[in-house]
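Observations on the model geometry
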Amino acid sequence: MKLQLQVHQTEGFLNLEILARQIVEGYISGMHKSPFHGFSAEFAEHKIYNQGESTKHIDWKLFAKTDKLYTKRYEEETNLRCHLIIDNSASMHYPILKQQSLSTLNKIGFSAIASACIMNMLKRQRDAVGLSVYSDAFEFYAPEKAGERHHHLLLNTLENTLTSGATRKGTQTYTYLHQIAEKLKRRSLVFLFTDMFQSDKEEAELFEALRHLKYNKHEVVLFHVLDSEKELGFRFDNTPKRFFDVETGDEIDLYSENIQENYKKAIENYFKNLELECAKYRISYVPVDINKNFIKILQTYFIERQKLA
């Protein structure tokens, strides 16, 4: 599957923008509010005039009313810094598909195309974007930059991630989220694509890693990618089957009906707890069912985001 070709088919994103919900920092003039003040953008407040300052921004109308000198301060606008994080463990390549398209995607397919769409939107806005890919190793890291050459580098990395296949790789989300949080020096918008399945750390430590990103004042959006029919509902025909863990290689033979009820309770409790923890720390939680329409999922999210920005 050619990634750029699939992105071009998502015409529904042409009129959408990715706006920062919180104040961001940056060097380039753009469309997002900055914590710094100047005299080039939207009015912010009045400030008492100090002798020796330029008289250019004195509010003379206010002087006529109050007989006191005030200058107008304005909020600068700046560029958004966005970092995309993709879990490339073996479980993200489920289900195994010979060919992928917008109508037929596995978890890594959704994550790669969604990331490419976000990159295109940021490119139109002249915002900076970076990318991290991890599994049981830190496979790729690129800091936030703008520019055509950087854009093609990230697209090529997404393409390679998508076509690399499901090799047996574990997940170390806890470890690498901490490392990525340390690398992000300026406030950024962070998109994390993962199925949240991992065995190396307990739940509390995984949430601690997510909180680390928030502690550094980043806006975090978690795209929780899963196949709801199989991974949430455990819907398989009731014939004896051999299930195996694609990350550890462990196997078990069973009838799906025998454990379906207990499995659903356990996984629903885990997902509910995840959503509550995200709400607690103001992490945007976006559940994604790969069996549903790709364009509708992203369109709905970004339209709702624009309303709240």
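The paragraphs below set out a description of the structure included in this document.

Procedures and definitions
- Residues numbered from 1 in each chain as written.
- Predicted model: local features only at pLDDT ≥ 70, side-chain atom pairs only at ≥ 80, totals over all residues.
- Heavy atoms only, no water.
- Helix = DSSP H or I, 4+ residues; strand = E, 2+ residues; numbered from the N terminus.
- Buried < 20%, exposed > 50% of the residue type's maximum accessible area, 1.4 Å probe, protein only.
- Contact = heavy atoms within 4.5 Å.
- Polar contact = N/O pair within 3.5 Å; in protein donor to acceptor, adjacent residues only side chain to side chain.
- 1 Å grid on protein atoms, 1.4 Å probe; cavity = no way out; pocket = protein on both sides within 12 Å on 5 of 7 lines; lining within 4 Å.
- Points joined across faces, edges and corners; volume = space filled by probe spheres on them.
- Nonpolar A, V, L, I, M, F, W, Y, C, P; charged D, E, K, R; others polar.
- Salt bridge = Lys/Arg side-chain N within 4 Å of Asp/Glu carboxyl O.
- Pairing = 2+ DSSP bridges.
- Phe/Tyr/Trp six-rings, centres within 6.5 Å; stacked < 30°, edge-to-face > 60°.
- Lys NZ or Arg CZ within 6 Å of the ring centre and 35° of its normal.

1. Some remarks on the environment of Tyr-176
Take Tyr-176: it is sitting in helix H5 (residues 173–183). Look at Tyr-176 and you get buried, because its relative accessible area is 9%. Put simply, Tyr-176 and Ala-209 are 33 residues apart on the chain and 8.5 Å apart in space, counted from C-alpha to C-alpha. Ignoring any residue separated from it by four or fewer positions in sequence, one finds Tyr-176 in contact with Tyr-134, Ser-135, Asp-136, Ala-137 and Phe-138. A polar contact is formed between the side chain of Tyr-176 and the backbone oxygen of Asp-136, at a distance of 3.2 Å.

2. Looking at the layout of surface pockets
The calculated volume of the largest pocket comes to roughly 1000 Å³. The wall of the largest pocket is formed by 30 residues, among which Glu-231, Phe-244, Asp-245, Val-246 and Tyr-263 lie closest to the centre. Listed by contribution, the elements that provide at least two residues to the lining of the largest pocket are helix H7 (228–232), strand S9 (241–244), strand S10 (251–254) and helix H8 (256–280). Of the residues belonging to the lining of the largest pocket, the class tally is 16 nonpolar, five polar and nine charged.

3. Description of the pattern of salt bridges
Under the defined criterion, the tally for this structure stands at eleven salt bridges. With a shortest N-O distance of 3.3 Å, Lys-241 and Asp-237 are connected by a salt bridge. We note a salt bridge from Lys-265 to Glu-261, for which the minimum N-O separation is 3.7 Å. Of the two residues, Lys-265 and Glu-261 both sit in helix H8, four residues apart, roughly one turn of that helix. Lys-265 sits in the partly exposed class, given a relative accessible area of 47%. According to the relative accessible area criterion, Glu-261 is exposed, its value standing at 55%.

4. Here's the deal with the pairing of S9
Both faces of the sheet carry side chains from a regular strand, because those side chains alternate between them. Examined bridge by bridge, S9 and S10 share four bridges and lie antiparallel to one another. Within the sheet, the bridge partner assigned to Arg-242 lies in S10 and is Asp-253. If you look at the hairpin formed by S9 and S10, you'll find six residues sitting between the two strands, and Gly-249 has a positive phi there, around 85 degrees.

5. Quick look at the packing of aromatic side chains
Applying the stated criterion across every chain, the model contains 16 aromatic pairs. Seen in terms of ring centroids, Trp-60 and Phe-63 are 5.9 Å apart; in terms of plane orientation they differ by 85 degrees. Their pairing is edge-to-face. Linking Trp-60 with Phe-63, this pair stays in helix H2 (residues 60–66), spanning three residues, or about one helical turn. Centroid distance Phe-197 to Phe-271: 6.2 Å. Interplanar angle 40 degrees. Geometry classified as tilted. Taken together, the residues Phe-197 in the loop between strand S7 (189–194) and helix H6 (203–215) and Phe-271 in helix H8 connect sequence positions 74 residues apart. Taken together, the ring pairs in this structure connect Phe-191, Phe-193, Phe-223, Tyr-301 and Phe-302 into an aromatic cluster. Note that Lys-183 overlies the ring of Tyr-141, its terminal NZ or CZ placed 4.7 Å from the centroid.

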